[in-house]
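# Tertiary structure, described
Residue strings, one per chain:
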Amino acid sequence: MEFDRAALRDVVSIRDDLGVLSFYLMANPREDASSRPAWRIRFRNEVTALRDRIAADPDRSRRKAILKRLEGLEPYFPDLLNPAESGPGRVMFAPVGSEEVWTFTFQLPLPDHVTLDRTACVRPLVNAVEAAPPAGVAAVSKDGLRVVDYRYGLAREVGTTRFETGAEGLGQTRGPGQHAEASSQGAWHRDKVASRIDEGLARQVRGAAPRLAEHVESRGWTALVLTGDVQLTEILAAELGGEVIQVDAMVDSQSPTKIVEYVEPQLAAARTRRGVGLADRARDLALSGGRGALGLADTLAALNESRVANVLLAESYEWSGRRDGDGLLYADGQSPPAGSGRELTPEPVMGERMIERALDTDAEVTVLTGEAADALADFDGVAALLRW
């Protein structure tokens, strides 16, 4: 199954009274020279450990249903463990009470993790894909423009524009019998043709900008990198406006994956700048009484009221708290409104619940690392931009 934001929301909506099985696996085909590669052993150990935990469940009917479901999923495991499968990161979700199965592969690192919960375990997945959110790279040269879409570890060419240079006749030398005057006129003519080519090329580059802008808008790119001759990228940047990243490098002949690899440092820097900007904005708005929330308690309150537009979560933080029977979330020390009669139960994986709540209410989730996460160090590693 191809992964996108709609697929993530579908996964978040998976719920089952008996539980949802979540499988994460990081394959390493280079280890397959061994008869028992470590990554396969780790996966089997995780499955065995889960089976042992389920076997100790005192609820006989639930225990029987889960163990039967695990047995029924065995035919899917060879694909998860196949080194020839595309993408080293593999994910599978399977609700116990149905025959549905969701599987995804990624060119991204994922943790080895097998678990059972009432919903799909999505935080490891969100952490991984947020490290490579949708971005675009446009490689421009005198021959044309190549547009690459990069998201969730996969690079794909999504557009090509060829430029007509009309260079025939350039560089011809004076032949036998030509007079010096004719040679001088020929040189002048070639200069005029070259000038027209330069003007024509610039016009074609400018003409390609609207289509590139459509890609930015329709594909939801969080960053755009322009590579190529600096004069050509300057023309594109001027036409596009807004923030673009320019890289003076000719990589237009490379594969989409190689093009993205070349500009990955610039994309990583752009992600950091974006994260810092979001964290600073949420903090400034919250402290000034605007549409921002800081810290776990205020963010949970806003999530409960469906006021969150974008929840910001530090990748390395873990949160716990409590939830009620309606799925509303509370930090330790918070309580439901007086007289509501709601009983609270412990919630040890509050990060999972915040992501679920955000996506259920059509909010964005942004995972912060490094400098961006540091900006929220004094606020439980969590903040939000609010709708109102």
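What counts and what doesn't
- Residues numbered from 1 in each chain as written.
- Predicted model: local features only at pLDDT ≥ 70, side-chain atom pairs only at ≥ 80, totals over all residues.
- Heavy atoms only, no water.
- Salt bridge = Lys/Arg side-chain N within 4 Å of Asp/Glu carboxyl O.
- Helix = DSSP H or I, 4+ residues; strand = E, 2+ residues; numbered from the N terminus.
- Buried < 20%, exposed > 50% of the residue type's maximum accessible area, 1.4 Å probe, protein only.
- Pairing = 2+ DSSP bridges.
- Axes fitted to C-alpha atoms, helices over the stretch in contact; angles between N-to-C directions.
- Parallel < 35°, antiparallel > 145°, perpendicular 65-115°, else oblique.
- Left-handed = near helix turned anticlockwise from the far one by under 90°.
- Contact = heavy atoms within 4.5 Å.
- Nonpolar A, V, L, I, M, F, W, Y, C, P; charged D, E, K, R; others polar.
- Expected span 1.5 Å × (residues − 1).
- Arc of directions from axis to C-beta.
- Phe/Tyr/Trp six-rings, centres within 6.5 Å; stacked < 30°, edge-to-face > 60°.
- Core = buried A, V, L, I, M, F, W, Y, C linked by side-chain atoms within 4.5 Å.

### So, the pattern of salt bridges
- Inspection of every chain in the model, using the stated rule, returns 24 salt bridges.
- A salt bridge links Arg15 to Asp360; its shortest N-O distance comes to 2.9 Å. Within this pair, whereas Arg15 is found in strand β1 (residues 15-26), its partner Asp360 is found in helix α10 (residues 350-360), the two being separated by 345 residues in sequence.
- Looking at Asp360, the relative accessible area reads 41%, which means it is partly exposed.
- Glu264 serves as the salt-bridge partner of Arg271, at 2.6 Å between the closest nitrogen and oxygen.
- A residue is classified by how much of its surface remains accessible, and Arg271, at 25% relative accessible area, is partly exposed.
- Under the relative-accessibility criterion, Glu264 is labelled partly exposed at 23%.
- Among the charged side chains, a salt-bridge network with shared partners connects Asp117, Arg323, Glu347, Arg353 and Glu356.

### A word on the sheet that holds strand β15 (residues 364-368)
- The strand order across the open sheet built from 4 strands is β10-β16-β11-β15, with neighbouring strands paired in mixed fashion. Edge positions in the sheet fall to β10 (292-294) and β15, since each of these pairs with one other strand and no more. Neighbour-to-neighbour, the strand axes of the sheet open up by a mean angle of 15 degrees, direction not taken into account.
- Pairing geometry for strand β11 (residues 308-314) and β15, over 5 bridges, is parallel. Note that in β15 the partner of Leu312 across the bridge is Thr366.

### Quick word on the packing of helix α2 (residues 38-55) against helix α3 (residues 60-72)
- Between α2 and α3, the shortest axis-to-axis distance is 9 Å and the interhelical angle comes to 160 degrees. What the angle tells us is that α2 and α3 run roughly antiparallel. Where α2 crosses over α3, the handedness of that crossing is left-handed. For the pair α2 and α3, contact is made by Leu50, Arg51, Ile54 and Ala55 and by Arg63, Ile66, Leu67 and Leu70, respectively.
- Of the residues contributing to the contact of α2 with α3, the split by class is 6 nonpolar, no polar and 2 charged.

### Side note on α3
- The end-to-end C-alpha separation of α3 is 18 Å, in line with the 18 Å expected for 13 residues at 1.5 Å each.
- Along α3, the residues that are buried comprise Ile66, Arg69 and Leu70. Down the axis of α3, the sector holding all buried residues measures 100 degrees, keeping them to one side. In α3, the exposed residues that point more than 90 degrees away from the buried face are Arg60, Ser61, Lys64, Lys68 and Glu71.
- Next to the buried residues of α3 lie β1, α2, β2 (89-95) and β4 (113-119).

### A word on the packing of aromatic side chains
- With the rule as written, the count across this model stands at 9 aromatic pairs.
- A ring pair is formed by Tyr24 and Phe93, whose centres lie 6.1 Å apart and whose planes are at 85 degrees; its orientation type is edge-to-face. Linking Tyr24 in strand β1 with Phe93 in strand β2, this pair joins segments that are 69 residues apart in sequence.
- Taking the relative accessible area as the measure of exposure, Tyr24 reaches 1% and is therefore buried.
- Put simply, the rings of Phe3, Phe104, Phe106 and Tyr152 touch in pairs and so form one group of aromatic residues.

### Things to note about the nonpolar core
- Among the nonpolar cores identified, the biggest contains 63 residues, and Phe3, Phe93, Phe106 and Met354 are the most heavily contacted of them.
- Core analysis: the second largest hydrophobic core is formed by 20 residues, Val47, Ala94, Val96 and Leu116 among them.

### A look at helix α9 (residues 295-304)
- Burial analysis of α9 places 7 of its 10 residues in the buried class, the great majority of the element.
- Where α9 is concerned, the buried positions are Gly295, Leu296, Thr299, Leu300, Ala302, Leu303 and Asn304.
- Buried residues along α9 sit against β10, β11, β13 (329-330), α10 and β16 (382-386).
- At the exit of α9 stands Ser306, carrying a positive phi of roughly 60 degrees.

### Regarding the environment of Ala301
- Within the fold, Ala301 resides in helix α9.
- Along the primary structure Ala301 and Leu110 are separated by 191 residues, whereas in three dimensions their C-alpha atoms are 31 Å apart.

### Examining the side chain of Thr119
- Looking at the element boundaries, Thr119 is found in strand β4.
- Here Thr119 falls in the buried class, since its relative accessible area comes to 1%.

All we've got here are geometric facts, nothing functional implied.
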